[in-house]
Every structure is written in structure tokens, then in C-alpha cells.
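A structural walkthrough
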Amino acid sequence: MNQDDRQPSGRLLKAPENFLDADGVRRVFAEAKDGRRGFLRQAFVAAGAAGALGGAARVAAAPVSGDGDPAILELPEHSKGLGQAVVTDGYGKPSKYEANVQRRQSPGLTQTAQASVSFAPLQSLFGIVTPSGLHFERHHQGWWDIDPSKHRLMVNGSDPGLLKKPLVLGMDELMRLPSVSRFHFIECGANTGMEWGNVAVPTVQYSHGMLSCSEFTGVPLRVVLDMAGVDYKKARYVLAEGADGSSMTRTIPMEMVESGEVLLAYGQNGEMLRPENGYPLRLVVPGVQGVSWVKYLRRIEVGDQPWATKDEAIHYVDLMPGGLHRQYTSIQECKSVVTTPSGGQVLLDKGFYNISGLAWSGRGRIQRVDVSVDGGRNWRSARLEGTPLPKCLTRFNLDWVWDGKPALIQSRAMDETGFVQPAMRQLREVRGTRSIYHNNAIQTWLVQEDGEVKNVQLS
Ligand SMILES: Nc1nc2c(c(=O)[nH]1)N[C@H]1C(S)=C(S)[C@@H](COP(=O)(O)O)O[C@H]1N2
Ligand SMILES: [Mo]
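Definitions and limits used
Residues numbered from 1 in each chain as written. Chains lettered and ligands numbered in written order. Predicted model: local features only at pLDDT ≥ 70, side-chain atom pairs only at ≥ 80, totals over all residues. Heavy atoms only, no water. Helix = DSSP H or I, 4+ residues; strand = E, 2+ residues; numbered from the N terminus. Buried < 20%, exposed > 50% of the residue type's maximum accessible area, 1.4 Å probe, protein only. Contact = heavy atoms within 4.5 Å. Areas by Shrake-Rupley, 256 points an atom, 1.4 Å probe, with all protein chains shown as cover. Near = heavy atom within 4 Å. Polar contact = N/O pair within 3.5 Å; in protein donor to acceptor, adjacent residues only side chain to side chain. Nonpolar A, V, L, I, M, F, W, Y, C, P; charged D, E, K, R; others polar. Salt bridge = Lys/Arg side-chain N within 4 Å of Asp/Glu carboxyl O. Pairing = 2+ DSSP bridges.

This part covers the overall build of the chain. A count of helices and strands for the chain gives 9 helices and 25 strands. Expressed as a percentage of its 459 residues, the buried residues of the chain come to 53%. Looking at the chain alone, contacts between residues at least 24 apart form 72% of all its contacts between residues at least 6 apart. Just so you have it, the chain exposes about 21000 Å², and 54% of that area is on carbon and sulfur atoms.

Structure below.
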């Protein structure tokens, strides 16, 4: 790892990325298989990280003394000369000093020629919005950049009696309809899935990065179903179908559509959707796991019963301890994670830090987030940034003075229904150990005496 791979020196925390080499990955899995994770079942070995972080990260003086640097009196080049002309030659880009902030493939997943998941760098983000170029990606059959002038949405019924008039709409027609803009999170049902298997991926990017939040713009699906004259007494479900090769089809209960929440979205963070995220049209199903947010949306069918498609009967099911599969567990339950400090980062020195993180619930607003620095023995309430929005990320912060001793940092969210995020142990009691999806357990980060932060699970 070279200097350029690190965060700019102005930050309190260094976030080495991609520092897990092939040997490191093998070791993670070997240890996980061996079950060699003791009280703090710490699977990750920071292969190669120590050298690169070494002195550089720790020579910094007390982080916020503000005692100053005499160089402030010397005028740098950029204060004396003429800067560059306006950026008219294309789409604006981040500073070259931020080149380390990238979507990444997880070292915990099998590496294939055509990768199908990229994770958002949660450790580098502020507030609640995920910049579109950093939004996580999950493609079951690759992504496409579809010509919007040729894209069509069809609305039909499983039985002709369920609606008056099947429709076929072009993007230009859809975009003439009344629209709304709303902030919502999207989380893949498999987010944090590795932790079920006791495999501690090194950073929050890999443990929680199948999570993003955008302002989506589009037409409520209800508007279009009204146009088609749907008989809501009989048509209690809709099936959404994508135009890519994955035959992605998911059943959505009509109550969600009738509430006006489900959107035929074309906008994301003030511009058209990115191709990776379903350009030119995707379904937005607030609170529901990512798989139902069908991209390249080409068809909506209304029906009177669920379809039990492959992505609802075989995939995205939860294997329970008794051997039963739980189906249609679509809603992403209340969850939170501390993003700073988090795995792979290094605290420069003892003293003041702002513990910061994200909380969300598929059932509504976040009501409260508590933070512990001693593995859950004592809790303090965090400050929530702004007014929490329903089915949206909420940023929380907490003042912390680190005494230089090992700390176990956790966050525990509660939503407006009163649901409290469970400990991993509590979740395993109900769900067993053989799940892949829907892990909303409390995450623990160990801050070591040397300042390094590690992903651990408390048994
Ligand atoms: N057409 C289509 N829609 C899709 C998928 C897909 O592969 N094809 N993947 C789904 C899954 S599993 C998730 S988690 C989300 C991911 O959305 P994103 O790639 O915009 O992050 O899209 C969903 N919609
Ligand atoms: Mo997903």
C-alpha cells in the first residue's frame, strides 16, 4: 500500500483500504472455519496493514489542540496565482485527494471474472445521502445502459378482470405524470450476511456497505394503476419485472402501493438514475429489502395472490433453526452501525473523538440511538442529526474522550414502533446460525490500545 491509498492527512482517522491481500483472505476463512474466535472472536488479521500505517498515523499530536502550525503565515501557490478555468468539459469529479473513496468488492466474497456486488464506502461518508457514484451495486445478470427513448413500462393483469385497461407507457409519457421526491434508504437483504457465519470482514464498507440512501424522484405506482383502472378489491398484489437477463420478479403487497409510497422512480439525487442503479426506471419500495427495488423496470402485473417467483421461493428466504424456510420477510428491521471509528481505521491519539454512525428502520422513523464504548454494559443516547425521516437513514453522533485503553464500541437503534435492535446473541437465539439474509444485529468495533479498530463479535 502506498501513501496515495490513505485518507488525506487532515482527517483524524486513517482508513487503509484494500489492505487484505490474498493470504489475509485465506487466513480469515481458515480461522473462521476453525472457529478460532475466542471471547472476542476476532477473525481478521490486518495483513500488511501495520507497516503502512505505522508511525505516520500516530506521530500526529493531540488531535484537536488547535495549537497551530507556523506555516499558516506562508502563502501557498494557490493563494498567489491564477486557478483553473471552469469545468465545462464534462461531469464534475471529486478531488484527486479523495481517490481512495471508492466502491469496492468484498474480500469476503468469492472473486469472479464478472463481479456482481460492490459495497459503498460508509466510513468516508457524511450526513445521510450516498453520492450516486458511490451507491452500492447488486446485479444478478450485469448492468445495462438502456436507451430511454426505447424503454417501455407495461401494466397488465394476471386475469383481465383485475383492471379495465392494460397500459404501455414510454419514459416521456411517465415523466409527464405528477411526481414526488423522497429520501429513502435501500439495503440488500444480504447486507451484513457474512457475520452470520462468524466471518469478520475488516471494514464497515464490507460489513454494512450494501446500504445506500438517496433522494428518489418518480411517479407513485398508484397513479399509474389508477390510470389502468385496477380493481383494488380483487387485485391485492403486484409483480414487478426487470428488463435485464436476471428475470428479476418480486411480489409486492397492494397495501404498500395504495399507501402511495411505492414509486416508479427515474430520479436519484437530483439527476436521472445511474445505469448501475436501474436507468431509466426502477421501483422504489421504501423499507423493503433491495431485491424488490426492481431495476430496468419494464412490467407491472396486478394479481390476486403472491407469485412465489424464484427470488421469493429459493432466494431471499431465511432458514430457521427448525429447518423451515421463512419466506417474504421483506421488511428491513431496525438497525444501526457506527461508521467512525470503524474497522480498519486507526485512532491517532487519546483524547476527543466524535463517534458517528447511521441508523435506519424499514418500519418508519428512528426514535433513538444509544451508544456504548464498553461492549454494552453502559449506554449513552446519541444526538440525531436533523429530524429523522421515515424509512430513511438517520445520522447520529456522540462525544467521546478516548482514554487510550481498549474500547468496545456499539450502537443500538430504536424505531418509532418501539423495536430495539437486537444483540447478535439474541438474534441467533431466534434465527439460529444458518441464515444469510436479514442480519440487523448490533455491530461491535474493538479499539485496541495501539489505536487500531477491529471487527469483533461478542459471545
Ligand atoms: N432488474 C434487476 N433489478 C434488481 C436487481 C437485478 O439484478 N436486476 N438486483 C436487486 C437487488 S438483490 C438489490 S440489493 C438491488 C440493488 O440495487 P442497486 O444496484 O441500485 O444498489 O437491486 C435489486 N433490483
Ligand atoms: Mo440484494
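Here the narrative resumes.
As a further point, take the site of ligand 1. With respect to spatial proximity, 22 residues lie near ligand 1, and among them F136, H140, D244, R282 and K295 are the closest. For ligand 1, an oxygen atom lies 2.8 Å from a polar atom in the side chain of R282. Take K295: an N or O atom from its side chain is 2.6 Å from an oxygen atom of ligand 1. Protein contacts shield 100% of the accessible area of ligand 1, which totals 530 Å² for the unbound molecule. Of the residues that constitute the shell around ligand 1, the class distribution is 9 nonpolar, 7 polar and 6 charged.

The next point concerns the pattern of salt bridges. Taken as a whole, this structure holds 22 salt bridges when the rule is applied. A salt bridge links R383 to D399; its shortest N-O distance comes to 3.1 Å. Taken together, the positions of R383 in strand β21 (residues 383-384) and D399 in strand β22 (residues 394-402) put the pair 16 residues apart, joining distant regions of the chain. According to the relative accessible area criterion, D399 is partly exposed, its value standing at 35%. Taken together, the salt bridges that share partners define one network made up of E241, R298, R299 and E301.

Here we come to the side chain of H438. The residue H438 is located in the loop between α9 (424-431) and β24 (444-447) in this model. Classification of H438 by relative accessible area gives buried; the value is 9%. Side chain to side chain, H438 and Q332 meet in a polar contact 3.3 Å long. Contact partners of H438, with chain neighbours within four places excluded, come to G189, W196, Q289, D318, T329, Q332, L427 and R431.

Here the focus is unusual backbone geometry. A cis amide bond links Y279 with the next residue in sequence, P280, at an omega value of 5°. Geometrically, the link from T340 to P341 is a cis peptide bond, its omega value of -5° lying close to zero. Structurally, P341 can be placed in the loop between β16 (335-340) and β17 (346-347). Of note in the backbone geometry, S247 takes a positive phi value of approximately 50° without being a glycine. Within the secondary structure layout, S247 lies in the loop between β8 (237-242) and β9 (249-253). The residue N269 is not glycine, and still its phi comes out positive at about 55°. Take N269: it is sitting in the loop between β10 (263-268) and β11 (271-272).

Let's shift gears to the sheet that holds β16. Judged by pairing direction, the sheet is antiparallel, and its 4 strands sit side by side in the order β16-β18-β22-β21 without closing on themselves. Strands with a single pairing partner mark the edges of an open sheet, and in this sheet they are β16 and β21. As paired strands, strand β18 (residues 351-360) and β22 are joined by 9 bridges and run antiparallel to one another. Across the sheet, residue Y353 finds its bridge partner in β22, namely W400.

Residue placement: T249 occurs in strand β9. On the basis of relative accessible area, T249 is assigned to the buried category, the value being 12%. Excluding its chain neighbours within four sequence positions, the residues that come into contact with T249 are L239, A240, E241, T309, D311 and E312.

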